[in-house]
Amino acid sequence: MVILVTGGAGYIGSHTCVELLNQGYEIIVIDNFSNSKKESLKRVTDITGKLFKVYNTDILNKDQLNLVFLENKIDSVIHFAGLKAVGESVSIPLRYYYNNVIGTLNLCEVMNKHNVKNLVFSSSATVYGNPKEVPILESSLLGATNPYGRTKQMIEEILKDLYNSDHSWSISLLRYFNPIGAHESGLIGEDPNGIPNNLLPYISQVAVGKLDKLKVFGNDFPTKDGTGVRDYIHVVDLARGHLKALENVSNSTGINAYNLGTGTGYSVLEMIKEFEKASGRNIPYSIVEPRPGDVDKCFANPSKAREDLGWIATKTIEEMCEDTWRWQINNPNGYIENNKIIFTTSDSRLSAETAGFVMSKAE
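Residues numbered from 1 in each chain as written. Predicted model: local features only at pLDDT ≥ 70, side-chain atom pairs only at ≥ 80, totals over all residues. Heavy atoms only, no water.

Visitor: Looking at this model, I keep getting lost on the side chain of D31. Mind explaining?
Guide: Tracing the chain through its elements places D31 in strand β2 (residues 26–31). An unpaired buried charge is present at D31: no salt bridge exists, and K38, the closest side chain of opposite charge, is 8.8 Å distant. At a separation of 2.7 Å, a polar atom in the side chain of D31 contacts the main-chain amide nitrogen of F33. Residues contacting D31, with those up to four places away along its chain left out, are G7, G8, A9, G10, S36, Y55, N56 and T57. (Helix = DSSP H or I, 4+ residues; strand = E, 2+ residues; numbered from the N terminus. Buried < 20%, exposed > 50% of the residue type's maximum accessible area, 1.4 Å probe, protein only. Lys, Arg positive; Asp, Glu negative; His and termini not counted. Salt bridge = Lys/Arg side-chain N within 4 Å of Asp/Glu carboxyl O. Polar contact = N/O pair within 3.5 Å; in protein donor to acceptor, adjacent residues only side chain to side chain. Contact = heavy atoms within 4.5 Å.)

Spelled out as structure tokens, the structure:
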């Protein structure tokens, strides 16, 4: 079975590529590398020992996207590609709406043209906005509070309309909570551009000495220690959730949303203590004002994914912190680009190159 992975060089995408390859799937990756590194895909091959096609292209370019489908017999799509920083989305909302929504429309139109109707979509728990109660069910009221979350919510609505218009589609909407951790090899992990937006990369960069101290946004929330509580899930558990969703869309039709989380919430201060234990390093921090829109607690009820997909998160918070630290200490500056990557243009067929894979640029 051939799986197209859009945004496959990113944090969650690269870990999902590893799981797909290890389970015997053939993969094709599309990425424009605007927020990811080519080296991550080289390391996917290092981990798995398997080769795969990679197209250096953008889903906003429908002609290039169409060429990918013309050159390959694709069975299903896992769609990660998109801009993802909440704060940045507030500053440049039009770019987020254009990139995330139009890119997904292009993808669906090309999929439909080539009669590829199995789709696993990377959504987000941000679609719930400020939840009225926790744990959050898939049936909870949606109400994203920032442009990034609204792009995810809009895309979910578009995909529902798509299925309602054509019941031969099979779509899973995966609502992630807070992915952290890294592959146990320490070869791939989260490598944010600039100052991290998420808690664990920020903590780990403080621990390794890249940043001076952590900013804790607020300490007077109605939680156990006054700091915000979130549902942290290991990225490998999350990747395996995509494979379970892929199995489901490959054997049925319909559209379903699934929470991918652990169902357990940890506060910011608890996460600092856990990371200090995992790293053996002190994490200095200061309390600052909460950010606009920050909620006090947000964690999932993941029972639907367990019942429908047979998926459950298995990795502990200790493993999440240990794996994050292993990635960070082995890669203090993140990925270093590998100069062996080979670009081809018209013919994208793989050969056994020393780079591990062939980069194909659709033209």
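Visitor: I tried to follow the state of the cysteines on my own but got confused; where do I start?
Guide: Throughout the structure, instances matching the rule amount to zero disulfides. Its sulfur unpaired, C17 is 19 Å from the next cysteine sulfur, which belongs to C108. Residue C17 is classed as buried on the basis of its relative accessible area of 0%. A disulfide-free cysteine, C298 has its sulfur positioned 18 Å from the sulfur of C321, the nearest such atom. The exposure class of C298 is buried, given its relative accessible area of 10%. (Disulfide = S-S within 2.5 Å.)

Visitor: Explain the pattern of salt bridges here, please?
Guide: Where charged atoms from two side chains of opposite charge approach closely, those side chains can pair. Scanning all chains against the criterion turns up 13 salt bridges. K297 serves as the salt-bridge partner of D296, at 3.4 Å between the closest nitrogen and oxygen.

Visitor: Whenever I open this one, the nonpolar core confuses me. Can you help?
Guide: For soluble globular proteins, nonpolar side chains are generally found buried alongside one another. By size, the foremost hydrophobic cluster in this structure holds 40 residues, and its most contacted members are L20, V29, F52, L246 and L260. Residue assignment for this core shows that the elements contributing at least two residues are β1 (2–6), α1 (11–22), β2, α2 (38–48), β6 (170–176), α8 (235–250), β11 (254–260) and α10 (303–309). Looking at which element gives the most residues to this core, the answer is α8, with seven residues. Residues contacting L246, with those up to four places away along its chain left out, are I3, L20, Y25, S76, I78 and V120. (Core = buried A, V, L, I, M, F, W, Y, C linked by side-chain atoms within 4.5 Å.)

Visitor: Even after reading the chapter, I still don't get the sheet that holds strand β14 (residues 297–298), so can you show me in this structure?
Guide: Two pairing modes exist for strands in a sheet, parallel and antiparallel, and in both the strands are linked by backbone hydrogen bonds. The strand order across the open sheet formed by three strands is β12-β9-β14, and the pairing between neighbours is mixed. The sheet terminates laterally at β12 (266–267) and β14, the two strands that pair on one side only. Pairing of strand β9 (residues 229–230) with β12 involves two bridges; the strand directions are antiparallel. Bridged to R230 within β12 is Y266. (Pairing = 2+ DSSP bridges.)

Visitor: Sorry, what's going on with the pairing of strand β4 (residues 76–79) here?
Guide: The side chains of a regular strand alternate, residue by residue, between the two faces of the sheet. Across the two faces of β4 the burial is the same, with S76 and I78 and V77 and H79 all buried. Of the strand pairs in this sheet, β1 and β4 are connected by four bridges, and their pairing is parallel. The partner of I3 across the bridge, within β4, is S76. Relative to strand β5 (residues 118–124), β4 is paired through three bridges, and the arrangement is parallel. Each bridged residue has a counterpart across the sheet, and for H79 the counterpart in β5 is F121.

Visitor: I tried to follow the confidence of the model for the protein on my own but got confused; where do I start?
Guide: In low-pLDDT segments, the atomic positions of the prediction should not be examined closely. In this model, the protein carries a mean pLDDT of 91, and residues with pLDDT of at least 70 account for 93%. Ignoring residues within four places in sequence, the model shows residues 338–363, a span with pLDDT below 50, making 65 contacts including any to other chains. (pLDDT = per-residue confidence, 0-100.)

Visitor: What is the right way to read the packing of aromatic side chains from this model?
Guide: What describes a pair of aromatic rings is the distance from one ring centre to the other and the angle between the planes of the rings. Inspection of every chain in the model, using the stated rule, returns three aromatic pairs. Look at F275 and W325: their rings are 5.9 Å apart centre to centre, the planes differ by 90°, and that puts the pair in the edge-to-face class. Placement of F275 in helix α9 (residues 268–279) and of W325 in helix α11 (residues 317–330) is noted, with a sequence separation of 50 residues between them. The class for F275 is buried, based on a relative accessible area of 0%. Among the residues examined, W325 registers a relative accessible area of 9% and is labelled buried. The ring of F33 is capped by K38, whose NZ or CZ atom sits 5.1 Å from the centre of that ring. Here K304 stacks its cationic end above the ring of Y258, 5.0 Å away from the centre of that ring. (Phe/Tyr/Trp six-rings, centres within 6.5 Å; stacked < 30°, edge-to-face > 60°. Lys NZ or Arg CZ within 6 Å of the ring centre and 35° of its normal.)

Visitor: Mind showing me how you'd approach helix α5 (residues 93–113) here?
Guide: Spacing of three or four residues puts side chains on the same side of an α-helix, whose turn is 3.6 residues. With 21 residues, α5 ought to run about 30 Å at 1.5 Å a step, and its terminal C-alpha atoms sit 30 Å apart, in line with that. Regarding α5, the residues found buried are Y96, N99, N100, V101, G103, T104, N106, L107, C108, V110 and M111. Residue N115 follows α5 closely and has a positive phi angle near 55°. (Expected span 1.5 Å × (residues − 1).)

Visitor: Would you explain the environment of G103 in this entry?
Guide: For G103, the position within the fold is in helix α5. By relative accessible area, G103 is classed as buried at 0%. Here the alpha-carbon distance between G103 and L60, two residues 43 residues apart in the chain, equals 4.8 Å. Among all residues touching G103, those that are not within four sequence positions of it are I59, L60 and Y98.

Visitor: Just to check I follow, could you spell out the side chain of T104 for this structure?
Guide: Relative to the helices and strands, T104 is located in helix α5. The residues touching T104, leaving out its near neighbours within four places in the chain, are I59, H79 and I155.

Visitor: Please clarify how the environment of S286 should be interpreted in this entry.
Guide: Looking at the secondary structure, you find S286 in strand β13 (residues 285–288). In this structure S286 comes out as buried when scored by relative accessible area, which is 17%. Between the C-alpha atoms of S286 and L214, which are 72 residues apart in sequence, the distance is 6.4 Å. Not counting residues within four places of it along the chain, the set of residues in contact with S286 comprises K213, L214, K215 and V216.

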